[in-house]
Amino acid sequence: MTSGSIRTDAPRTHRGRTAGIRRIVAASLALVLALGAGLAQADPHPWQLNMTRGSTTWSGEAYFLNNVALGVCVVIGVLVFGAMFIAMFRFRKSRGAVAEKWSHNTTVEIIWTAIPVIILVVLAWMSTGGLVSFANTTGAQMTVKVTGYQWKWRYDYVDYLGKPVSKVDYMSKLDALSDKTRQLDSGMDPYAVKTGDENTYLLNVDKPLVLPIHTKIRFVITSDDVIHSWWVPEFGWKMDAIPGIVNTAWTNISKPGTYRGQCAELCGQDHGFMPIVVKAVSPEDFAKWLAAQQQANAPAAPAPAASAAAPATAQVAPAGSGEHG
Amino acid sequence: MAHEAAHDHHDDHHHAPQGFFQRWVMSTNHKDIGTLYLIFSLTMFFIGGSFAMVIRAELFKPGLQLVQPYFFNEMTTMHALVMIFGAIMPSFVGLGNWMIPLMIGAPDMALPRMNNLSFWILPFAFALLLSTLFLPGGGPAGGWTMYPPLSLQSGSLAYAVFAIHLMGISSIMGAINIIATILNMRAPGMDLLKMPVFVWSWLITAFLLIAVMPVLAGAVTMLLTDKYFGTSFFNPHGGGDPVLYQHVFWFFGHPEVYIMILPAFGIISEIIPTFARKPIFGYRAMVYAIACIAFLSFIVWAHHMFAVGMPVGADIFFMYATMLIAVPTGVKVFNWVATMWGGSMTFETPMLFAIAFVILFTIGGFSGLMLALVPADFQYHDTYFVVAHFHYVLVTGAAFAIMAATYYWLPKWTGHMYSEFWGKVHFWCSVVFVNVLFFPQHFLGLAGMPRRIPDYNVAFADFNMISSIGGFLFGASQLIFLGVIVHCAFFSKKKATDRVWEGARGLEWTLPSPPPHHSFTVPPVVHDEELAHGHVSD
């Protein structure tokens, strides 16, 4: 796991300057990284110890800061707690220690005020870069509107590669098997809820959000009832879905895969049961999928009611099975 | 009652009233009211703890086995409200009530009748709050933060809001009383910068309380009018803004978390010098650090809201301001270590809890620093990493400090020594199991487990089971605490000396153990060398 691979490729000038420092810091944290980074994979796995590195161009920012801050804390902790344990060993009354009288030392007080300030300035500088790059949602090639409901998500494809997309929208909610299993006293085994050999209990939906990789995607996120929060850990961020407010965020997925997340803001009794699944596919496959979706929806006479339910869009076609419309 | 036996050298009217009702319900005595606060908070600690046991039992393994999701949400909400407003805050008020007059040489609190009122409001407030669990529709289940619009869906909102109003009134009255006492009733010679750090920490905390409790009252009142009177402060359909509530709430909420830790800093700053037999290192720096933390607490509130989509400039401001808190907090930790350095230490139970506080609170501080970094917080926010963080600062921070204070002053209060053996058993059980309970929650959060969920994917199963086992054992360990207190108060044969601890300094140790019902009716003469920090000349 090298630091190079976790840098963002956002075209910003001071990124290059920080890269060298980052590499050094990252190398010195190899031990810490080994805890979790080496095992980084898309979805949570048993005994996972550290944050995922993520699968987007930006997600490494969060991961890198996490590791640096953790490393800094471990070093400070070893020094401070080490000093405490030395004191507890050396200055015990049972060892005959006699208390000294001093209670003040201006020099050390200045030192231990100044050193944390320096460390904090470095950390602040590093996180500001990541924050500013996250805030820049301009230049997106695609827009998806995400709406939170109690207790499901709605996805509207707004535009793709400069062209508006119409009538590609659907609800996405907890899959039926998880939903049956999670009922109180269902007698069903959460370990038996699998997709392939992966356990997807409470992390699977009926219709995933399909997104292209290598595309800067802008999300506009809102809610229809209470506050939710749209979180896919592999993307490196979460963003609250708030009624009356439209938040924006962006991602640029680096590799195809299925990325799972959950609602992260308490939203009522089924807060724990509204997962998010993103299926990331190649831009070619995505174009085919999108066309198929539009095709499927186009002939249907515009029904003023029930557009949200839209059963015709229920089937998410496997990538490549669609045809051009 | 052990108190009645106080070997009194005063007149008869200095004895406690004999009737139970008159003694405890009508009391205007700071010691009795302090005792009431402490008993109340211990009761709430066990009630709130039993809610936590329900939470950990449901999370023991994946799948719902015990409770419905809505009841689970009631448990998380009530656990927080009871622990924050019922256990931690009243216990600090109780400690302040008992110890501040003794530490500054005052005969009682400045406003004794208000003292009685501010305590007796609390049982009613919590009766109101806890009664919601037995109502049709259940208790508040939208989290202790009560974010709208979710909290507006709750049928018991009005109960929760009125309960919070009562708690707020109680806190404000308690704070006014403490400020009035400290500023007006110090014995001659007890200059402000000679006061024990505990008294300083409470003085500053009291100002925080007065500043922010009305803000909370305002926020929840707006919830009430939104729900019942058709206003739209937070209702987007009427042009309101749900995020406004979060700003107002956290403007209260962040100072609130320091209200729950600053008196703990004060306690630890009393205990470590006593058992290191060495004056506190950097007394003035300690006082200034508390004041500095208190000031900063007003300008960091939105770090609880990095995921609401604030402008990037606001994110940056709140990130920098939050990181700044690490500096005065670091100074405090370094000073505690420096107090130990060169001392002559013994490790009685209060000292063990104080040392555990320094280490484990610092771990909570570390995760706090990590949470301040906005890009990383985008991942941490609303996960078990946050849960682990605030339990490290509130359980191994605030609650451990309260336990340390209990062991430290219990001999003074009761006139008898507690069982050192069982105190140490309580300590070692607590310190081991609290880490089994909360440390794995860091990993759960980092792996992606959101907080406030009743059920989870099997990937989170292992650490949740470990955490639950730690939780049950930590909960059971607190029964030892109860046993030690009951034994000390009613059964202990070992008399406490006036000074109790060899290295103890300060006016409270010049009084008999237990102190007479009315103490310092004549202001004591303050000898600087008798104060823990009075001889500091810098």
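J.: Give a description of the packing of helix α8 (residues 262–276) of chain B against helix α12 (residues 349–372) of chain B that names residues and reports values.
T.: Residues and elements named next belong to chain B. For the pair α8 and α12, interaxial distance at closest approach is 9 Å and the crossing angle is 125 degrees. It follows that α8 is oblique to α12 by the angle criterion. When you trace α8 past α12, the crossing you get is left-handed. Along its contact with α8, which presents Ala264, Phe265, Ile268, Ile271, Ile272, Phe275 and Ala276, the element α12 presents Pro350, Met351, Ala354, Phe357, Val358 and Phe361.

J.: Quick rundown of a nonpolar patch on the surface? Include the residues and the values.
T.: Residue and element names in this part refer to chain B. There is a patch of nonpolar side chains on the surface, built from Leu479, Leu482, Val486, Phe490 and Phe491 and spanning about 470 Å² of accessible area. Along the chain, the position of Phe490 falls in helix α16 (residues 461–491). Residue Phe490 is classed as exposed on the basis of its relative accessible area, which comes to 51%.

J.: Break down the sheet that holds strand β12 (residues 257–263) of chain A for me, with residues and values.
T.: Either a parallel or an antiparallel arrangement is found when strands of a sheet pair, and the pairing is made through backbone hydrogen bonds. Residues and elements named next belong to chain A. Taken in spatial order, the five strands make up an open sheet running β7-β13-β12-β9-β10, and their pairing is mixed. Each having just a single partner strand, β7 (209–212) and β10 (237–241) make up the two edges of the open sheet. For this sheet the average axis-to-axis angle between neighbouring strands, irrespective of direction, equals 25 degrees. Pairing between strand β9 (residues 228–232) and β10: five bridges, direction antiparallel. Bridging across to β10, Ser229 finds its partner in Asp240. On the sheet, helix α6 (residues 283–297) packs against β7 and β13 (275–281) and is oriented at approximately 135 degrees with respect to β7.

J.: Pulling in residues and values, what's your account of the domain arrangement of chain A?
T.: Residue and element names in this part refer to chain A. On domain assignment, one finds that chain A holds domain 1 (2–96 + 106–135) and domain 2 (142–297). With 15 residues of domain 1 at the contact, the number on the domain 2 side is 18 residues. When domain 1 packs against domain 2, close to 1,300 Å² is buried across both sides, 53% of that on carbon and sulfur atoms. Among the residues of domain 1 in contact with domain 2, Asp43, Ser55 and Phe134 are the three that bury the most area, contributing 43% of the side total.

J.: Can you tell me about the packing of aromatic side chains, naming the residues and giving the values?
T.: A complete count under the given rule lists 70 aromatic pairs over all chains for this structure. Centroid distance Phe134(A) to Trp237(A): 5.8 Å. Interplanar angle 55 degrees. Geometry classified as tilted. Linking Phe134(A) in helix α4 (residues 106–135) with Trp237(A) in strand β10, this pair joins segments that are 103 residues apart in sequence. Pair check on accessibility: Phe134(A) and Trp237(A) agree, each one buried. Here Phe439(B) and Phe443(B) contribute two aromatic rings whose centre-to-centre distance is 5.7 Å and whose plane-to-plane angle is 75 degrees, an arrangement assigned as edge-to-face. Of this pair, Phe439(B) and Phe443(B) both sit in helix α15 (residues 420–447), separated by four residues, roughly a single helical turn.

J.: Go over the state of the cysteines with me, naming the residues and quoting the values.
T.: Applying the stated criterion across every chain yields a total of zero disulfides over all chains. Looking at the unpaired Cys73(A), the closest cysteine sulfur is the one in Cys292(B), lying at 19 Å.

J.: Can you break down helix α3 (residues 69–104) of chain B residue by residue, with the values?
T.: All names here are of chain B. Its 36 residues give α3 an end-to-end C-alpha distance of 50 Å, which sits within 8% of 52 Å, the value for a rise of 1.5 Å per residue. The sharpest bend along α3 comes to roughly 35 degrees, located at Met83. The element α3 is largely enclosed, with a buried count of 34 among its 36 residues. Remark: Gly105 follows α3 within two positions and exhibits a positive phi of approximately 75 degrees.

J.: Which residues make up the environment of Trp341(B), and what values do they have?
T.: Relative to the helices and strands, Trp341(B) is located in the loop between α11 (326–340) and α12. Here Trp341(B) falls in the partly exposed class, since its relative accessible area comes to 28%. Taking the C-alpha atoms as reference points, Trp341(B) and Lys278(B), 63 residues apart in sequence, are found 9.0 Å from one another. Aside from chain neighbours lying at most four places away, what touches Trp341(B) is Ala83(A), Ile86(A), Ala87(A), Arg90(A), Phe91(A), Trp102(A) and Lys278(B).

J.: Describe the nonpolar core, listing the residues and the values that go with them.
T.: Among soluble globular proteins, nonpolar side chains are generally buried collectively. Core analysis: the largest hydrophobic core is formed by 270 residues, its most contacted members being Tyr157(A), Phe219(A), Trp230(A), Trp237(A), Phe85(B) and Trp409(B). Split by domain, the residues of this core number at least three in each of domain 1 (2–96 + 106–135) and domain 2 (142–297) of chain A. Every residue in contact with Phe85(B), bar those within four places of it in the chain, is listed here: Pro90(B), Phe126(B), Trp144(B), Met167(B), Met213(B), Leu216(B), Phe252(B) and Glu256(B). Core analysis: the second largest hydrophobic core is formed by six residues, Leu174(A), Val193(A), Tyr201(A) and Phe273(A) among them.

J.: Run through the side chain of Ser170(B), naming residues and quoting values.
T.: Mapped onto the secondary structure, Ser170(B) falls in helix α5 (residues 157–184). If we ignore the near neighbours within four places in the chain, the residues touching Ser170(B) are Tyr37(B), Ser118(B), Ile121(B) and Leu122(B).

J.: Go over unusual backbone geometry, please, and point to the residues and values.
T.: That bond from Gln150(A) to Trp151(A) is cis: its omega, 0 degrees, falls within 30 degrees of zero. Considering the arrangement of structural elements, one finds Trp151(A) in the loop between β1 (142–149) and β2 (152–160). A cis amide bond links Pro148(B) with the next residue in sequence, Pro149(B), at an omega value of 0 degrees. Tracing the sequence through the fold places Pro149(B) in the loop between α4 (112–131) and α5. Even without being glycine, Leu161(A) reaches a positive phi, approximately 50 degrees. Position of Leu161(A) relative to the elements: it lies in the loop between β2 and β3 (163–164). Positioned with a positive phi, Met146(B) is a non-glycine residue whose angle comes to about 55 degrees. By the secondary structure assignment, Met146(B) is in the loop between α4 and α5.

Conventions used here
Residues numbered from 1 in each chain as written. Chains lettered and ligands numbered in written order. Predicted model: local features only at pLDDT ≥ 70, side-chain atom pairs only at ≥ 80, totals over all residues. Heavy atoms only, no water. Axes fitted to C-alpha atoms, helices over the stretch in contact; angles between N-to-C directions. Helix = DSSP H or I, 4+ residues; strand = E, 2+ residues; numbered from the N terminus. Parallel < 35°, antiparallel > 145°, perpendicular 65-115°, else oblique. Left-handed = near helix turned anticlockwise from the far one by under 90°. Contact = heavy atoms within 4.5 Å. Patch = residues over 30% accessible without salt bridge, like charges linked within 9 Å, V, L, I, M, F, W, Y side chains within 5 Å. Areas by Shrake-Rupley, 256 points an atom, 1.4 Å probe, with all protein chains shown as cover. Salt bridge = Lys/Arg side-chain N within 4 Å of Asp/Glu carboxyl O. Buried < 20%, exposed > 50% of the residue type's maximum accessible area, 1.4 Å probe, protein only. Pairing = 2+ DSSP bridges. Domains from an automatic or database assignment. Buried area = accessible area lost by both parts, 1.4 Å probe. Phe/Tyr/Trp six-rings, centres within 6.5 Å; stacked < 30°, edge-to-face > 60°. Disulfide = S-S within 2.5 Å. Expected span 1.5 Å × (residues − 1). Bend = angle between axes of the 7 residues up to and from the residue. Core = buried A, V, L, I, M, F, W, Y, C linked by side-chain atoms within 4.5 Å.

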